[in-house]
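A closer look at the structure
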Amino acid sequence: MNVRIEEGWKQALSREWESPYFVELARFVHAEYRTRQVFPPGKQIFAAFDTTPFHDVKVVILGQDPYHGDGQANGLCFSVNDGIPFPPSLLNIFKEVHDDTGAPIPRSGDLSRWARQGVLLLNATLTVAAHQAGSHQGHGWEQFTDAAIRALAEQREHLVFILWGSFAIKKGAFIDHQRHLVLTSPHPSPLSAHRGFFGNHHFSRANAYLIAHGIEPIQW
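Let us look at the structure shown here. Bear in mind the structure is a predicted one, so any value in this text is a computation, not a measurement.

Within the secondary structure layout, Leu111 lies in the loop between helix H4 (88–101) and helix H5 (112–115). It is 9.7 Å that separates the C-alpha atoms of Leu111 and Asp82, two residues lying 29 residues apart in sequence. Those residues in contact with Leu111, other than ones at most four positions away along the chain, are Leu76, Cys77, Phe78, Ser79, Leu90, Phe94 and Leu121.

What follows is the structure in structure tokens.
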């Protein structure tokens, strides 16, 4: 199957493209885009991989689903396009960045500036039907993104995996903590942020780990 994706990722995930589950997934996704409104735009389905090449990844942040509101999703987890109001979780992320590192809260919610520095902003499910949260779960995306995380965990060293909430923590359970830094906390959602997301210092801790291993830190 000819999938347009960054070459390093294409090689790292080479076993997935012809797998029966991925063939079925591709068929499902193509049909969804033909017959209904789906987010993100088709050209941005693999934006997380294209913006952060496999060999450039330093940090992985896991999300669950793309945003399902008009104009929000751009293929990077927690990220929204310029001019779109910050969703509550994203605003809480910016608040923690500010409290942790002193960085000002930005005007734009587009996190591609992080992705270009090596932060893989990966949703477990890469597509969603408009206004129907979770509508594309259980069709194979989760298996595909598990393969992406496993490729990083096994083929790279000294990465930082940032896992917020029980879903992300479970998804990253197989990561070797001796080989990588794994940071966990409650999710930045307003429902849980005050139970340990605020004050988790994940952004400064990630940078301290990168610096300790001779890797350029992230400008959050």
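On to the pattern of salt bridges. Evaluation of the coordinates by the stated rule reveals four salt bridges. A salt bridge links Glu32 to Arg36, with the nearest nitrogen and oxygen atoms 2.9 Å apart.

Attention shifts here to helix H6 (residues 141–155). Its 15 residues give H6 an end-to-end C-alpha distance of 21 Å, which sits within 8% of 21 Å, the value for a rise of 1.5 Å per residue. Along H6, the residues that are buried comprise Trp141, Phe144, Thr145, Ala147, Ala148, Ile149, Ala151, Leu152 and Ala153.

To continue, consider the pairing of strand E6 (residues 181–185). Pairing between strand E5 (residues 160–164) and E6: five bridges, direction parallel. Looking across to E6, one finds that Leu163 is bridged to Thr184. Handedness of the β-α-β unit built from E5, helix H7 (residues 165–171) and E6 comes out right-handed.

A word on the packing of helix H2 (residues 20–35) against H6. Relative to each other, H2 and H6 sit at 125 degrees, their axes nearing to 9 Å. For the element pair H2 / H6, the angle class is oblique. Crossing of H2 over H6 shows left-handed handedness. When H2 is examined against H6, the residues Tyr21, Phe22, Leu25 and Val29 are found in contact with a partner set consisting of Trp141, Gln143 and Phe144.

One pass over the full model with this rule turns up 20 aromatic pairs. Aromatic pair Trp141 and Phe144: ring centres 5.9 Å apart, planes at 65 degrees, arrangement edge-to-face. You can see Trp141 and its partner Phe144 sitting in helix H6, three residues apart, about one turn around the helix. These aromatic residues form a ring-pair network of at least three members: Trp9, Trp17, Tyr21, Phe22, Phe46, Phe49, Phe54, Trp141 and Phe144. The ring centre of Phe174 lies 3.9 Å from the NZ or CZ of Arg150, which sits over that ring.

With 70 residues, the main nonpolar core has Ile61 and Trp114 as its most contacted residues. Ranked by residue count, the leading element in this core is H6, at eight residues. In contact with Trp114, not counting residues within four places along its chain, are Ile61, Ile93, Phe94, Val97, Val119, Leu121, Phe203, Gln219 and Trp220.

Direction vectors running N to C along H4 and helix H8 (residues 202–212) enclose 60 degrees, while the axes themselves pass 8 Å from each other. Between H4 and H8, the crossing angle belongs to the class labelled oblique. Residues Ile93, Glu96, Val97, Asp100 and Thr101 of H4 touch H8, and the partners they reach there are His202, Phe203 and Ser204. Among the residues making up the contact of H4 with H8, the classes are represented as three nonpolar, three polar and two charged.

Turning to empty space enclosed by the protein, a few remarks are in order. Tallying each qualifying case throughout the model produces two cavities of 30 Å³ or more. In this model, the largest cavity occupies a volume close to 40 Å³. Around the largest cavity sit Asp65, Pro66, Tyr67, Ala73, Asn74, Gly75, Leu76, Cys77, Phe78, Ser79 and Asn123, which together line it. Along the lines of polarity and charge, the residues of the lining of the largest cavity split into six nonpolar, four polar and one charged.

Conventions and cut-offs
- Residues numbered from 1 in each chain as written.
- Predicted model: local features only at pLDDT ≥ 70, side-chain atom pairs only at ≥ 80, totals over all residues.
- Heavy atoms only, no water.
- Helix = DSSP H or I, 4+ residues; strand = E, 2+ residues; numbered from the N terminus.
- Contact = heavy atoms within 4.5 Å.
- Salt bridge = Lys/Arg side-chain N within 4 Å of Asp/Glu carboxyl O.
- Expected span 1.5 Å × (residues − 1).
- Buried < 20%, exposed > 50% of the residue type's maximum accessible area, 1.4 Å probe, protein only.
- Pairing = 2+ DSSP bridges.
- Right-handed = clockwise from strand over helix to strand, strands pointing away.
- Axes fitted to C-alpha atoms, helices over the stretch in contact; angles between N-to-C directions.
- Parallel < 35°, antiparallel > 145°, perpendicular 65-115°, else oblique.
- Left-handed = near helix turned anticlockwise from the far one by under 90°.
- Phe/Tyr/Trp six-rings, centres within 6.5 Å; stacked < 30°, edge-to-face > 60°.
- Lys NZ or Arg CZ within 6 Å of the ring centre and 35° of its normal.
- Core = buried A, V, L, I, M, F, W, Y, C linked by side-chain atoms within 4.5 Å.
- Nonpolar A, V, L, I, M, F, W, Y, C, P; charged D, E, K, R; others polar.
- 1 Å grid on protein atoms, 1.4 Å probe; cavity = no way out; pocket = protein on both sides within 12 Å on 5 of 7 lines; lining within 4 Å.
- Points joined across faces, edges and corners; volume = space filled by probe spheres on them.

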